[in-house]
Amino acid sequence: MIRSEILKEIAPIIRDHLVVCNIGLPSQELHMIDDQPTNFYMLGTMGLSSSIGFGLALAQDKPVISIDGDGSVLTNLGTLPTIANNATGNYTLLIIDNGSYGSTGDQPTYAGQKTSLTAVAKACGCDNVIEVQDKDLGPVLQSAIDSDEMTIIVCKCDSGNIKLPVITLDPVVIRHRFMEAVKA
Amino acid sequence: MNIDKKIADDLVANDVSFVTTVPCKQLAGVIEEIDVRDDIFHIPSNKEDEGMGLCAGAFMGGKRPAIIMQNTAIGVTINTLATLTQFYRMPLPMLISYRGELREPVACQVEMAVHTKALLAQLNIPTFHFHWQKDVEELDNILKYTFMSNKPVAILTDANFWGGYGDQ
Ligand SMILES: Cc1ncc(C[n+]2csc(CCOP(=O)(O)OP(=O)(O)O)c2C)c(N)n1
Ligand SMILES: [Mg+2]
């Protein structure tokens, strides 16, 4: 499966939860598949999906899911020790690991070669790290959201992209409606 | 006056309850003070752009955030300041140790000091410079200004403000 197929499959699972979504095609795909005020679309700032979602999870009690990418986690590897050492049960980090910088044309990342993000997350001190194949993600994600323990999911999948338009929503509108959803 | 306590008091008085830090020798005292305050959640970050991501999330979660970092971190965070904090219009007080100014013993620090105000000006970031201890009296107003305007705001604090850099 490619990222857009995964997002289609998990859309019903995440639609009522607070979601912070990675820059580029991941956000564009989620926006097209199931736009919700509970989605925070990143329009820039590669690498910070995990950090934004984690700060949000620490600041309030609702479950938060950060949808991240392997390339973005690699660019902000420092996020994993911070998450591990300040664990909060309402946080789930879903890393869609397609082994490539998908949004920029599927250039290979090191996560698709010798580097295991699962092993890195464990070495950083994350207690619940689950590596899962794309087709098995749904139930794993559901139980991670339901559980009281913080979970890092590394979802291995194929690289590949579909054609779709950029998000034209104003960032302040994205942020405002998201904050209203957080408060609701 | 104990500057570290005064800064922590002003943060608390302005409802700032989520603070991320990357240390600098000059900031050791204030970081220690923040760490022991019950009203402030202190989360050290590994890089300042990561810290700004945490602050963005905390803000959207209803908390008032702040970051404490060294001026060298301006070089690390320009993309984040522009594409996250400013683009989405979020407030962020940045208490910054301004290394490489008068009374600085480490030559390398001067190399980023000479760019610091220019970079902040280029980013249209409101910038305040604390040089004398009494300048800290402005902090309360600066915090109010930051959350009124929904902008990142820089407070540069030099070695003279902190009472000299100490022996080295
Ligand atoms: C600092 C910076 N460098 C490069 C880019 C270009 N860029 C945008 S998305 C992206 C790829 C992200 O890859 P990954 O996180 O694995 O997500 P994927 O698209 O593969 O799902 C890159 C390199 C950027 N936006 N910012
Ligand atoms: Mg990828």
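Criteria and thresholds
Residues numbered from 1 in each chain as written. Chains lettered and ligands numbered in written order. Predicted model: local features only at pLDDT ≥ 70, side-chain atom pairs only at ≥ 80, totals over all residues. Heavy atoms only, no water. Near = heavy atom within 4 Å. Areas by Shrake-Rupley, 256 points an atom, 1.4 Å probe, with all protein chains shown as cover. Helix = DSSP H or I, 4+ residues; strand = E, 2+ residues; numbered from the N terminus. Nonpolar A, V, L, I, M, F, W, Y, C, P; charged D, E, K, R; others polar. Buried < 20%, exposed > 50% of the residue type's maximum accessible area, 1.4 Å probe, protein only. Polar contact = N/O pair within 3.5 Å; in protein donor to acceptor, adjacent residues only side chain to side chain. Contact = heavy atoms within 4.5 Å. Phe/Tyr/Trp six-rings, centres within 6.5 Å; stacked < 30°, edge-to-face > 60°. Lys NZ or Arg CZ within 6 Å of the ring centre and 35° of its normal. Arc of directions from axis to C-beta. 1 Å grid on protein atoms, 1.4 Å probe; cavity = no way out; pocket = protein on both sides within 12 Å on 5 of 7 lines; lining within 4 Å. Points joined across faces, edges and corners; volume = space filled by probe spheres on them. Buried area = accessible area lost by both parts, 1.4 Å probe. Salt bridge = Lys/Arg side-chain N within 4 Å of Asp/Glu carboxyl O. Pairing = 2+ DSSP bridges. Axes fitted to C-alpha atoms, helices over the stretch in contact; angles between N-to-C directions.

Chemist: Quick question: what am I supposed to make of the site of ligand 1 here?
Modeler: Residue and element names in this part refer to chain A. Near ligand 1 there are 15 residues, and of these Arg3, Asp70, Gly71, Ser72 and Gly102 occur at the shortest range. Protein chains bury 73% of the 590 Å² of accessible surface belonging to ligand 1 in isolation. For the shell around ligand 1, the elements supplying multiple residues, two or more each, are helix H4 (70-75) and strand S5 (100-101). A total of three residues in the shell around ligand 1 trace back to one element, the largest contributor, which is H4. By residue class, the composition of the shell around ligand 1 is four nonpolar, nine polar and two charged.

Chemist: Explanation requested: the side chain of Thr77(B) in the structure shown.
Modeler: Residue and element names in this part refer to chain B. For Thr77, the position within the fold is in helix H4 (residues 74-86). Thr77 sits in the buried class, given a relative accessible area of 0%. A polar atom in the side chain of Thr77 sits 2.9 Å from the backbone oxygen of Ala73. Non-local contacts of Thr77, meaning those with residues more than four positions away in its chain, are made with Glu48, Asp49, Met52 and Met69.

Chemist: Got a minute to help me understand the packing of aromatic side chains in this structure?
Modeler: Counted by the stated rule, this structure contains eight aromatic pairs over all chains. A ring pair is formed by Phe130(B) and Phe161(B), whose centres lie 5.4 Å apart and whose planes are at 50°; its orientation type is tilted. One end of the pair, Phe130(B), is in strand S5 (residues 127-130); the other, Phe161(B), is in the segment after strand S6 (152-158), with 31 residues separating them in the sequence. Overall, Phe130(B) belongs to the buried group, its relative accessible area being 3%. Three or more aromatic residues joined by ring pairs form one cluster here, namely Phe40(A), Phe178(A), Phe87(B) and Tyr88(B). Cation over ring: Arg64(B) sits above Phe147(B), and NZ or CZ is 4.2 Å from the ring centre.

Chemist: How should I be thinking about helix H2 (residues 28-36) of chain B in this particular structure?
Modeler: Helical periodicity: at 3.6 residues per turn, an α-helix aligns residues three or four positions apart in one direction. Residues and elements named next belong to chain B. Those residues of H2 that fall on the buried side of the exposure criterion are Val30, Ile31, Glu33 and Ile34. When H2 is viewed along its axis, its buried side chains cluster within an angular range of 160° and face the same direction. Counted as exposed and oriented over 90 degrees from the buried face of H2: Glu32 and Val36. On the buried face of H2, the contacting elements are helix H1 (3-13), strand S1 (16-21), strand S2 (41-44), strand S3 (64-70) and strand S4 (92-98).

Chemist: Mind showing me how you'd approach empty space enclosed by the protein here?
Modeler: In this approach, a probe sized like a water molecule rolls over the atoms, and the result shows the empty space that is left. All names here are of chain B. For the structure shown, the criterion picks out two cavities of 30 Å³ or more. Taken together, Ile7, Leu11, Ala66, Ile68, Pro93, Leu95, Leu139, Leu143 and Ile155 make up the full set of residues lining the largest cavity. Grouping the constituent residues of the lining of the largest cavity by class yields nine nonpolar, no polar and no charged. Counted as a void, the second largest cavity has a volume near 40 Å³. Taken together, Met52, Cys55, Ala56, Phe59, Pro65, Thr85, Met90, Pro91 and Leu92 form the lining of the second largest cavity. Tallying contributions element by element places helix H3 (residues 48-60) first for the lining of the second largest cavity, with four residues. For the lining of the second largest cavity, the class distribution of residues is eight nonpolar, one polar and no charged.

Chemist: Would you explain the interface of chain B and chain A in this entry?
Modeler: Across the contact, 26 residues belong to chain B and 28 residues belong to chain A. Buried surface at the junction of chain B and chain A, summed over both partners, amounts to about 2100 Å²; 67% is from carbon and sulfur atoms. The largest contributions to the chain B side of the interface with chain A come from Glu50(B), Met60(B) and Tyr88(B), which together make up 34% of the buried area. Counting across the chain B and chain A interface gives zero salt bridges. Between the two partners, chain B and chain A, sit nine residue pairs in polar contact (both at pLDDT 80 or more).

Chemist: I would appreciate a short explanation of the sheet that holds S6(B) in the present structure.
Modeler: All names here are of chain B. Read from one edge of the open sheet, six strands run S2-S1-S3-S4-S6-S5, paired in parallel fashion. The open sheet terminates on both sides in strands that have one partner only, identified here as S2 and S5. Adjacent strand axes in the sheet meet at a mean angle of 20°, parallel and antiparallel pairs treated alike. Judged from the four bridges that link them, S3 and S4 form a sheet pairing that is parallel. Looking at the pairing, Ile68 lines up with Leu95 of S4. Of the strands in this sheet, S1, S3, S4, S5 and S6 touch helix H6 (residues 139-149), which is tilted by about 160° from S6.

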